[in-house]
Amino acid sequence: MIAPERIEQVVAVVSRIGVNAQTVQALRESFDELHFTLCLEDEVGVREPYRELPGVSLYLVGAGASGCAALTDDPAEASGLLLATHA
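We now turn to the structure provided with this report. (Residues numbered from 1 in each chain as written. Predicted model: local features only at pLDDT ≥ 70, side-chain atom pairs only at ≥ 80, totals over all residues. Heavy atoms only, no water.)

### Some points on the packing of helix α1 (residues 4-17) against helix α2 (residues 21-30)
Two numbers describe how α1 lies on α2: the axes approach to 11 Å, and their chain directions differ by 150°. It follows from the interaxial angle that α1 and α2 lie roughly antiparallel. Between α1 and α2 the crossing geometry is right-handed. Where α1 abuts α2, its residues Arg 6, Val 10, Val 13, Val 14 and Ile 17 lie against Thr 23, Leu 27 and Ser 30. Of the residues in the contact of α1 with α2, the class split is five nonpolar, two polar and one charged. (Axes fitted to C-alpha atoms, helices over the stretch in contact; angles between N-to-C directions. Helix = DSSP H or I, 4+ residues; strand = E, 2+ residues; numbered from the N terminus. Parallel < 35°, antiparallel > 145°, perpendicular 65-115°, else oblique. Left-handed = near helix turned anticlockwise from the far one by under 90°. Contact = heavy atoms within 4.5 Å. Nonpolar A, V, L, I, M, F, W, Y, C, P; charged D, E, K, R; others polar.)

### Some words on the pattern of salt bridges
The tally for this structure, following the rule as stated, stands at three salt bridges. One salt bridge in this structure joins Glu 8 and Arg 51, with 2.5 Å as the shortest N-O distance. One end of the pair, Glu 8, is in helix α1; the other, Arg 51, is in strand β2 (residues 51-53), and 43 residues separate them in sequence. Classification of Glu 8 by relative accessible area gives partly exposed; the value is 39%. Residue classification places Arg 51 among the partly exposed residues on the basis of a relative accessible area of 26%. Salt-bridge contacts for Arg 47 lead to Asp 73; the nearest nitrogen and oxygen are separated by 3.7 Å. (Salt bridge = Lys/Arg side-chain N within 4 Å of Asp/Glu carboxyl O. Buried < 20%, exposed > 50% of the residue type's maximum accessible area, 1.4 Å probe, protein only.)

### Brief notes about the side chain of Ser 57
Inspection of the secondary structure puts Ser 57 in strand β3 (residues 56-63). Given a relative accessible area of 1%, Ser 57 falls into the buried group. Here the side chain of Ser 57 touches Glu 41 through a polar contact of 3.0 Å, side chain to side chain. A polar side-chain atom of Ser 57 sits 3.0 Å from a polar atom in the side chain of Glu 52. Residues within four places of Ser 57 in sequence aside, it is in contact with Glu 41, Pro 49, Arg 51, Glu 52, Leu 82, Leu 83, Ala 84 and His 86. (Polar contact = N/O pair within 3.5 Å; in protein donor to acceptor, adjacent residues only side chain to side chain.)

### Details of the nonpolar core
Of all hydrophobic cores here, the largest spans 19 residues; its most connected members are Val 10, Val 14, Leu 27, Phe 36, Leu 81 and Leu 83. Listed by contribution, the elements that provide at least two residues to this core are α1, α2, β3 and β5 (78-85). For this core, the element with the most residues is α1, which contributes five residues. The residues contacting Phe 36, other than those within four sequence positions of it, are Val 10, Val 24, Leu 27, Arg 28, Phe 31, Leu 81 and Leu 83. Counting six residues, the second largest nonpolar core, distinct from the first, contains Cys 39, Val 44, Tyr 59 and Val 61. (Core = buried A, V, L, I, M, F, W, Y, C linked by side-chain atoms within 4.5 Å.)

Distances and angles like these do not, on their own, reveal function.
What follows is the structure in structure tokens.
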């Protein structure tokens, strides 16, 4: 589970400094209980993001029924965040 307040803290960081590999590393260090993944938006496929920010879409990642990572819309099921940059 990711508390909505925690997601807002991540959003604040990304909104303030943008997103790149260094940002993701800083997020991993600051929010060590969360998993972060960085990719390009076109690698996600057709899916509505949890949050849309300038230059980046934020998706929630949780464990699917098989135990493999899967996108979710429910913060209660999420354990990580996918940051997808716009081209």
